[in-house]
Amino acid sequence: PALLALGLAACNGNGEDGSGEDTATSLASLSVGDTTASSVADTTAGSASGSGAQTGTSASDATTSDPTGADTMQISFDVGVVPDAGKGPCGGGMGGDIDFSYIWVANSSQNAVSKINTQTLIEEGRYLVHPGNGNPSRTSVSLSGDVAIANRNGGITKVYANVEDCQDVNGTPGIQTSSGGADLLAWGQDDCVAWHTPMAYSTQRPVAWSSGTFNPAACAWEGQSVWTVSAQSGASGSVVVSVLDGETGVIADTVPIPEIAIGYFGPYGAAFDTNGDFWFVDSGNDGPSQELVRVDGGSLAYDIWMTPPINPYGFTVDTLGRPWIAGYAGGIARFDPVTETFDQNNSVTGLGIQEDANGIMWMAHYPWDIERVIAIDRDTMAIVDEINLPAGTSLAKGVSIDFYGYVWVVDQGTSAFRIDPVAGTIDTFTGLVGPYTYSDMTGWGLSSVSNPEG
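Quick summary incoming for the structure in this document.

Definitions and cut-offs
Here the residue numbers are simple positions, counted from 1 along each chain's written sequence. Totals for whole chains, interfaces and linings use every residue, but because this is a predicted model, local features are given only for residues with pLDDT of at least 70 and side-chain atom pairs only at 80 or more, for both listing and counting. Only hydrogens and water are removed before side-chain values are computed, so all heavy atoms of the structure are retained for them. To count as a disulfide, a pair of cysteine sulfur atoms needs to be within 2.5 Å. A run of DSSP states H or I qualifies as a helix once it reaches four residues; a run of E qualifies as a strand once it reaches two. Both are numbered from the N-terminal end. Note on classification: 1.4 Å probe, protein chains only; a residue is buried when its accessible area is under 20% of the maximum for its type, exposed when over 50%, partly exposed between these limits. Strands qualify as paired when DSSP identifies two bridges or more between them. Helix axes are fitted only over the stretch in contact, all axes being lines through C-alpha atoms; the angle between N-to-C directions runs from 0 to 180 degrees. Residue contacts follow a heavy-atom distance rule, with two residues in contact if any of their heavy atoms lie within 4.5 Å.

Within the structure shown, the criterion is met by 1 disulfide. Note that C166 is cross-linked by a disulfide to C192, the S-S spacing being 1.9 Å. Between C166 and C192, the S-S torsion sits near 100°, and that sign places the bridge as right-handed. Of this pair, C166 sits in the loop between β7 (156–159) and β8 (193–197) while C192 sits in the loop between β7 and β8, and the two are 26 residues apart along the sequence. In terms of burial, C166 and C192 fall into one category: buried.

Rendered as structure tokens:
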């Protein structure tokens, strides 16, 4: 068994999340060496250690539940065909020594993001992602392994995955960075926080990395950018797509989309497709039918379609280039960009959703009558399996697949769950603080569409 190789190329009862007021006032890139907000960060860090945040669960701390009655987790690597990988100086995988065994979970109420090793279930870092109250909610992992975090109250932050890439920005010799849990450094003091770009919007949720171009001579991805969608809450016509340079955080392009009508939450989820085009969908809070938008990754031209009446919530793009929308009411929908038509399954509703290597879409079920994840065939849209989550799970939201084929679910309590989809067994990581993430938090989604089938 081996790791899959990388390819080339607060919430209310209807499934809506909370939001806060905008605190960002500038569109310029802000150096994380600016420590003007360190007193705010110190207060946050202090409250973290007082709230029971943990340094991470060790193998003995992580609990395993088995709905089928087995006592121990049976590790399975039945994850389908390994994607084509590069050969030569990069050791068979694109990106050199990057280890894609991390899941990045936003701790919304703590203004931080956690870096959790998906193999050991140990948290290896926790980082503040905003100088004030950012209220982070979405994470996206690049093909280089680094993460970008979107703050609901405005602003994007990048964190390096590899300590070797971290830069001395705090003025203290050497690299100072978090080891996870209560070890949360003040704003501007963690050398692994690459950059923060404040943005003057009051609702900013979707975020997704573009793939960029692989340079085999340097064994590195180049030209990667971070795409995000922002607006002013409740202001139709205020939606803007921004493209940020992945290395510097500087805003390279903006695409106003004045045709979009929004309510309080606005744009909600985003992902790239197999052609390098950027897709996003509006929140279903504004009504059952909302806009699905495609922005051309090169020309920045855009197209808009109205969704079926399904109250959009979760969002992803499958390896055949088809956007999927999980509705918390009315059903789920899959869009065919060629025929410009939607297919639907109105028998099930849900939240976070992502495809695994076997063409199965995994979705967090909603409503929460029984906390569980639903497996849906990518082509027929039929339900093929469901796995109940441990008793006491609090509002399961986000779903992501890791590079070993495990299905991850993040709730809104303190936990993230790692599911073996073959054995049906579950490991639990605890110690999160107000978590909320349902985007591509492992990088699997981007890797999949960057190396599509065929």
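Now that the structure has been shown, the text picks up again.
What follows is about the sheet that holds strand β20 (residues 323–327). Ordered by their spatial adjacency, 4 strands build an open sheet running β19-β20-β21-β22, and the pairing between neighbours is antiparallel. Single-partner strands in this sheet number two, and they are β19 (312–317) and β22 (341–345). Put simply, the sheet's adjacent strands are angled 20° from each other on average, direction ignored. Where β20 and strand β21 (residues 332–336) come together, 3 bridges link them in antiparallel fashion. Bridge pairing in β21 links I325 to A333.

Another aspect to go through is the side chain of T307. Looking at the element boundaries, T307 is found in the loop between β18 (302–306) and β19. Taking the relative accessible area as the measure of exposure, T307 reaches 4% and is therefore buried. Those residues in contact with T307 that sit more than four places away from it in its chain are V281, P288, S289, Q290, E291, L292, P312, I325 and F342.

Worth remembering: the numbers are spatial, not functional.
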